[in-house]
Every structure is written in C-alpha cells, then in structure tokens.
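Below are the chains, spelled out letter by letter.
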Amino acid sequence: MGSCYKPSLPLVLLQFILCLLLVCTSDAEVSEKPRALNNTISAVFVFGDSTVDPGNNNYLPTAFKGNFAPYGRDFTNRNPTGRFTNGRLTTDFIASYVGVKNSVPPYLDSRLSSEELMTGVSFASAGSGFDPLTPRIPNVMDIQKQLECFRAYKQKLESATGKQRTEDHIKKALFIISAGTNDFVINYFALPFRRKNYSVFTYQKFILHKAKELLQALHDEGARKILMVGLPPMGCLPIVITLSSNNAILSRDCIEAYSIVARDYNLMLQNELNFMQQSLGHAGTRINYIDIYGPIEYMIQGPGKFDFDEVSSGCCGTGYLEAAFLCNPDSYVCPDASTYVFWDSIHPTEKTYYNVFKSLLPIIDSFIRE
C-alpha cells in the first residue's frame, strides 16, 4: 500500500529542519458515544494533517510521528497508534457514530483486513497541508500523494467488487478533509520562502485554490458527501503563544494576529464552498463547511473554558513547545488529560476532539438522512 508514497528529500535534512522549527523558532473521560439511526453512510474516508492522521506517518521516513508513549495513553489498551493525542480523534467519533467502525485506521497499514478497507480509512499525514511545500518540510505525504493513495484504493476495490458496486460505495461514503493549519503556522509564518512571493491575503487565496483542487478531484472520483474543515483559532495554539508572546511564561493569551488570519480564511473558504456547491449540486453532491474555530474558541476563551483547568498549554511536558519526538516517554505528563484543551503544544486532547464532534452532530445527521 505504501507504493503511492515516495519520499522527496533526505530524511536527515528534514528531521533537522523539523527540529529547528519546533525548538528554535517561533486519562480522558469521554461521555458514552451516541449512535446514529437509519445510517446510510457506507464508509468514512479522511484526508489532511495530524488532526486526522491515525498513524500513516508510522510508515513514512519522517521524524513527525506519534507512535510512542505518552501518545495514546487513553486509547484502547493504552496503545500509541500514531494519533497525535491521548486517545481518539474527531474522525473516530464520527465513524463510530455513523456505525461503520469504532475508529478510522491508517491506509498505509498493510495489515488491514478487507472489511477495514471497505468501511473506510484515513489517508491523512501529520505535518501535511494544501501547499505542496508544507509536507516537504517534515517529509510526509502531500495532498496529491493522499489522492493517489485513494485512487489506488479505488482500483483495488473495483478489482474485488466491480466498477458499479465501487461507484455506489464511494457515492454513499463520507469524505472528511482537515488541513491548512500547517500551511500557515509551520510554513508561511515560520519560514521565509512563501512570504517572499505572497502577502497573507494572496497566500490565503493560494491555499483556497489548492483546497478546491482536492475537492474537485474527489468529486471526479465519485465523492458526493464531503465535509471540509476550516482552520482553528491558530493564535491559541500553545506553540504559537510560546513563540509569539512577549513573555510566554507570564502571558499566555491567544495571539490575535494569527487568529484573524484563520477567521478571514474561514470566511473565504465558506464562500468558495458555496460556489462549488452551486456548481456541483446538480450531480447530487453535498459539500459542507465544518466550523472548528467556534467550538475550540468556546473551550479556550468562552464559557467552555470553565470545563478545563488548563487552556493555553499542553498536557505533555511543559506544554509550551513539546510535540512529536519532543513529547516522548521521558516527558512529564499531566495526571488527567481531560482537564486540558491541548495534549501537546499543537494538538487537542481526546476530550476536545469529542466536544468538536458533538458540535458537528446536526450536520452529520443531515448527511445520514439524505
């Protein structure tokens, strides 16, 4: 299955760059999962970055992995699967809710059964983004490679079940896309290359163009139920606060300049999705924008913050800079991750992912009823 991925740059160089970016630059309790009724979803397919990667990076020559403790501390059997959190992801909760499986596995895992493949997989790769330059930094799968993997998956399905059954299966599947944060936080703002040729506005337009290319390609491959996730309040990520605050120890307020970029991008994304919906809706296509900015902001700066003891640093280590290999078996870990919004300096805890999932239920239900 890994044939759809080929590394682009030397591993040692990429590990060094990732380390430079992270260091030198700027037990969860989740409620009993609800279950949808009258489900019509055949499978769940996922594309994007670490917010939806359940372990594809385990099979890539990259330093950006999460397949070791303390990652997965609250997952089934305390298993560090490669998810960059203590437990499950929002996509896992969605898959469980619509009844296709309890969690979404990584496509690059060659041990997957035929049933696991049929009911959906994630092609996402932590560290990736819509900008082709972004995934080259940590040497992970770019969006085009993820799309190639899906096409390879589809060909295998056609060989096993026939063209018509495959088309019907894909048509009834739910597609989820979650990417973009790395394009801005790790690429545009942390490195000089894109800023030489793009203003913030023109870079936002560039990322939107790439996102639309993926949407169109998935539609051409038969996808008809698509969820496109917007950006979170990027200025509230612990690593952004640490690298941008005048006093990262005493002042842990969100960096508004980053969050403004996210809000503006999300508005532009919604407009573009509306246009695409109008042009593709005649084919039975449904494209929905997924707001994660609001739910996460509510947990950090709104009334929801009172459900957590800590909203500006992660559970792992100091919570200021640790992520990937910097959050490791030797790191201090908070006793109860459910009291934290963030697991490490970038990624949410399982509880946060679950709260985001709950906010999406009206949209998920509307897809199921179709």
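So, here's what we can say about the structure. (Residues numbered from 1 in each chain as written. Predicted model: local features only at pLDDT ≥ 70, side-chain atom pairs only at ≥ 80, totals over all residues. Heavy atoms only, no water.)

Focus: the overall build of the protein chain
Secondary structure assignment for the protein chain yields twelve helices and six strands. With the C-alpha coordinates aligned to their principal axes, the bounding extent of the protein chain is approximately 60 × 50 × 40 Å. Residues classed as buried in the protein chain amount to 60% of the 370 residues present. Of the roughly 15,000 Å² of accessible surface on the protein chain, a fraction of 53% belongs to carbon and sulfur atoms. (Helix = DSSP H or I, 4+ residues; strand = E, 2+ residues; numbered from the N terminus. Buried < 20%, exposed > 50% of the residue type's maximum accessible area, 1.4 Å probe, protein only. Areas by Shrake-Rupley, 256 points an atom, 1.4 Å probe, with all protein chains shown as cover.)

Remarks on the pattern of salt bridges
Applying the stated rule across the entire model yields twelve salt bridges. We note a salt bridge from R73 to D74, for which the minimum N-O separation is 3.7 Å. D74 matches R73 in its accessibility class, with the two residues each being buried. A salt bridge links K154 to E221; the shortest N-O distance between them is 3.1 Å. Of this pair, K154 sits in helix 4 (residues 143-161) while E221 sits in the loop between helix 8 (200-220) and strand 3 (225-229), and the two are 67 residues apart along the sequence. (Salt bridge = Lys/Arg side-chain N within 4 Å of Asp/Glu carboxyl O.)

Overview of unusual backbone geometry
Residue P70 is reached from A69 by a cis peptide bond, and omega for that bond is 5°. Locating P70 in the fold gives a position in the loop between strand 1 (44-48) and helix 2 (90-97). Positive phi, normally seen in glycine, also occurs at R78, with a value near 55°. Residue placement: R78 occurs in the loop between strand 1 and helix 2. Of note, A324 is a non-glycine position whose phi angle comes to about 55°, a positive value. Position of A324 among the secondary structure elements: in the loop between strand 5 (310-314) and strand 6 (340-342).

A word on the environment of D344
Positionally, D344 belongs in the loop between strand 6 and helix 12 (350-369). One polar contact links D344 to Y71, side chain to side chain, over a distance of 2.7 Å. At 2.6 Å, the side chain of D344 forms a polar contact with the backbone nitrogen of H347. (Polar contact = N/O pair within 3.5 Å; in protein donor to acceptor, adjacent residues only side chain to side chain.)

Focus: the packing of helix 11 (residues 293-300) against helix 12
One can describe the packing of helix 11 onto helix 12 by two numbers: an axis separation of 9 Å at closest approach and a directional angle of 130°. Considering the angle they form, helix 11 stands oblique to helix 12. In terms of crossing hand, the pair formed by helix 11 and helix 12 is right-handed. In contact with P295, I296 and M299 of helix 11, helix 12 contributes T352, N355, V356 and S359. (Axes fitted to C-alpha atoms, helices over the stretch in contact; angles between N-to-C directions. Parallel < 35°, antiparallel > 145°, perpendicular 65-115°, else oblique. Left-handed = near helix turned anticlockwise from the far one by under 90°. Contact = heavy atoms within 4.5 Å.)

Description of the state of the cysteines
Per the counting criterion, the structure on display carries three disulfides. Here C236 pairs with C254 through a disulfide, and the sulfurs are 2.1 Å apart. For the disulfide bridge between C236 and C254, the dihedral angle about the S-S bond is near 110°, and by the sign convention the bridge is right-handed. You can see C236 sitting in the loop between strand 3 and helix 9 (238-244) and its partner C254 sitting in the loop between helix 9 and helix 10 (256-280), a full 18 residues away along the chain. For the pair C236 and C254, a shared accessibility class is recorded, and that class is buried. (Disulfide = S-S within 2.5 Å.)

Topic: the side chain of N56
Here N56 lies in the loop between strand 1 and helix 2. A distance of 2.8 Å separates a polar side-chain atom of N56 from the backbone oxygen of S122. Engagement of the side chain of N56 in a polar contact is seen with the backbone oxygen of A124, the distance being 2.8 Å. Filtering out sequence-adjacent residues up to four positions away, N56 remains in contact with P106, Y107, L108, S122, F123, A124 and M141.

Details of the packing of helix 2 against helix 12
Relative orientation of the contacting elements helix 2 and helix 12 amounts to 40°, with a least axis distance of 8 Å. Judged by the angle between their axes, helix 2 and helix 12 are oblique. Judged by the sense of rotation from one axis to the other, the crossing of helix 2 with helix 12 is right-handed. Across the interface between the two elements, T90, F93, I94 and Y97 from helix 2 touch E350, Y353, Y354, V356, F357, L360, L361, I364, D365 and I368 from helix 12. Counted by class, the contact of helix 2 with helix 12 contains eleven nonpolar, one polar and two charged residues. (Nonpolar A, V, L, I, M, F, W, Y, C, P; charged D, E, K, R; others polar.)

Quick notes on the packing of aromatic side chains
Here the distance between the centres and the angle between the planes together describe a pair of aromatic rings. The final tally for this structure, using the stated rule, is 29 aromatic pairs. Three or more aromatic residues joined by ring pairs form one cluster here, namely F184, Y188, F189, Y198, Y203, F206, Y258 and Y265. Seen from the ring of F367, R286 lies directly overhead, with NZ or CZ sitting 4.3 Å from the centre. (Phe/Tyr/Trp six-rings, centres within 6.5 Å; stacked < 30°, edge-to-face > 60°. Lys NZ or Arg CZ within 6 Å of the ring centre and 35° of its normal.)

What to know about the sheet that holds strand 1
Pairing within the open sheet is parallel, and its four strands lie in the order 1-2-3-4. Edge positions in the sheet fall to strand 1 and strand 4 (286-290), since each of these pairs with one other strand and no more. Averaged over neighbouring strand pairs, the angle between their axes works out to 20° when direction is ignored. Bridge count for strand 2 (residues 174-178) against strand 3 is four bridges, and the pairing is parallel. Among the inter-strand pairings, L174 is bridged to a residue of strand 3, identified as K225. Sitting on the sheet, helix 8 touches strand 1, strand 2, strand 3 and strand 4, and the angle it makes with strand 2 is about 165°. (Pairing = 2+ DSSP bridges.)

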